[in-house]
Amino acid sequence: MNLCLANARRTLPAIMHSANCKAWWRRNNGLGFPGDTCWREYKTSANHTIMNNIKSASRRGVKKPGRGVGTASTNVTQDRMGDGVQNETVFYSKAENYWREVAPTVDGMLGGYGKISNIDIDGSKKFLQKFLGQGEGKTGNGCALDCGAGIGRITKRLLLPLFNTVDLVDVTQEFLDQAKVYLGDDSKRVENYFCLGLQDFIPQDRRYDVIWIQWVIGHLTDDHLVEFLHRCRGGLRPEGLIVIKDNVAYEGVIPDDVDSSVCRELALVKSLVTRAGLTIVCEEQQMNFPDEIYQVHQLALR
């Protein structure tokens, strides 16, 4: 989801959470909180105003971090539970066109939220290190795959310090070209740069100890996400691990027409993981992110 934060927050503060909604209503209207029907009409109208402000404020360099972080105030509850994608070709081509316009920098990858990178990496490292090591049930440190890798921010800061080699996959060739520069001497330990959408990517069988999927599942339809996760399962070495780290919506599925993505509620993400034949072995919320962005959860899968 887009991070056109200034306009969105001036319009209405973080209305996605019921407690915030009710408090805001009372402060600004001096009335008792309305009934469900009245409230739904009010919230729909308010969110419509926010979305219009967000879209009008969207500009190059003000994008969602890592292909996924969005402001809580853009979180418009939908009545459906599926991804709602009507035309897959348009859905994917719009996303590719969007990312071609993003600067190949850390700040570009994080939509102007470069300040959260250290917090993000620290949280990811603590989460991942729970599974790495020697002995029964531990995940090896041979090779990792960075999905939706962009210019290699996660590869450089998280994966290369922990694994012998890393592969990158991303749909934008310019990002992968820049990754070779950004990674510097560490690029010698990158074995493959795959320029491909995840809906088409097939991991090599039993190649990876860890497959890291961050801020990119919203660019896959439900069915393609299930199929991709199933293929990832086949790409794991014994005791290998898949990690999803992504935004979760407060309720339902939230479409973003600007970058052509969706944000799913946690229950739906979990159901798609189950459909892929995977089990969640650990789940944590990333803490210490700015209040205005979506909650971000990490799921370890086997």
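If you're wondering where the values come from, they're calculated on a predicted model, not measured in any experiment.

Caption draft 1: Expanded view of the sheet that holds strand β1 (residues 143-147). Read from one edge of the open sheet, seven strands run β3-β2-β1-β4-β5-β9-β8, paired in mixed fashion. Across the chains shown, the open sheet's two edge strands, defined by having one partner strand only, are β3 (190-195) and β8 (280-285). Strand after strand, the sheet turns through a mean of 15° between neighbouring axes, direction not considered. The pairing of strand β4 (residues 208-214) with strand β5 (residues 236-248) spans six bridges and is parallel. Directly across from I213, in β5, lies its bridge partner I244. The strands touched by helix α6 (residues 117-129) within the sheet are β4, β5, β8 and β9 (295-301), with β5 carrying the most contacts at an inclination of about 145°. Helix-sheet contacts for helix α8 (residues 173-182) involve β2 (165-170) and β3, and the interaxial angle to β3 is about 160°.

Caption draft 2: Region of the structure containing the pattern of salt bridges. Applying the stated rule across the entire model yields ten salt bridges. The shortest N-O distance in the salt bridge between R275 and D223 comes to 3.0 Å. In this pair, R275 is assigned in helix α10 (residues 266-275) and D223 in helix α9 (residues 222-234), connecting sequence segments 52 residues apart. Take D223: its relative accessible area is 41%, and that puts it in the partly exposed class.

Caption draft 3: The arrangement of the packing of aromatic side chains in detail. For the structure shown, the criterion picks out six aromatic pairs. Ring plane angle 80° and centroid distance 6.4 Å describe the contact between W99 and F175, whose orientation is recorded as edge-to-face. You can see W99 sitting in helix α4 (residues 88-100) and its partner F175 sitting in helix α8, a full 76 residues away along the chain. Given the relative accessible area of 0%, F175 is considered buried. Consider the rings of F194 and F201, whose centres lie 5.1 Å apart with planes at 55°: the pair is tilted. Assessed through its relative accessible area of 28%, F194 is described here as partly exposed. Three or more aromatic residues joined by ring pairs form one cluster here, namely Y98, W99 and F175. Across the ring face of Y193, the terminal group of K180 is positioned such that the distance to the ring centre comes to 5.0 Å.

Caption draft 4: Just α9, in detail. Helix length check: α9 (13 residues) gives 19 Å between terminal C-alpha atoms against 18 Å at 1.5 Å per residue, within 8%. Among the residues making up α9, those that are buried are D222, H224, L225, V226, F228, L229 and C232. Those residues of α9 that are buried lie in contact with α4, β1, β4, β5, β7 (261-264) and α10.

Caption draft 5: Structural detail: empty space enclosed by the protein. Summed over the entire model, instances satisfying the criterion amount to five cavities of 30 Å³ or more. Put simply, the largest cavity is a space of about 180 Å³. In this structure, the largest cavity is lined by 16 residues; those nearest its centre are V171, G197, L198, Q199 and H219. For the lining of the largest cavity, the secondary-structure elements that each account for two or more residues are α4 and β2. Ranked by residue count, the leading element in the lining of the largest cavity is α4, at four residues.

Caption draft 6: The arrangement of the side chain of N247 in detail. Tracing the backbone through its elements, the reader meets N247 in strand β5. Its relative accessible area of 4% is what places N247 among the buried residues. A polar contact of 3.1 Å, which involves the side chain of N247, links it to the side chain of W215.

Caption draft 7: Geometry of the environment of V181. Along the chain, the position of V181 falls in helix α8. Distance in space between the C-alpha atoms of V181 and I151 is 8.8 Å, their sequence separation being 30 residues.

The rules behind each value
Residues numbered from 1 in each chain as written. Predicted model: local features only at pLDDT ≥ 70, side-chain atom pairs only at ≥ 80, totals over all residues. Heavy atoms only, no water. Pairing = 2+ DSSP bridges. Helix = DSSP H or I, 4+ residues; strand = E, 2+ residues; numbered from the N terminus. Axes fitted to C-alpha atoms, helices over the stretch in contact; angles between N-to-C directions. Contact = heavy atoms within 4.5 Å. Salt bridge = Lys/Arg side-chain N within 4 Å of Asp/Glu carboxyl O. Buried < 20%, exposed > 50% of the residue type's maximum accessible area, 1.4 Å probe, protein only. Phe/Tyr/Trp six-rings, centres within 6.5 Å; stacked < 30°, edge-to-face > 60°. Lys NZ or Arg CZ within 6 Å of the ring centre and 35° of its normal. Expected span 1.5 Å × (residues − 1). 1 Å grid on protein atoms, 1.4 Å probe; cavity = no way out; pocket = protein on both sides within 12 Å on 5 of 7 lines; lining within 4 Å. Points joined across faces, edges and corners; volume = space filled by probe spheres on them. Polar contact = N/O pair within 3.5 Å; in protein donor to acceptor, adjacent residues only side chain to side chain.

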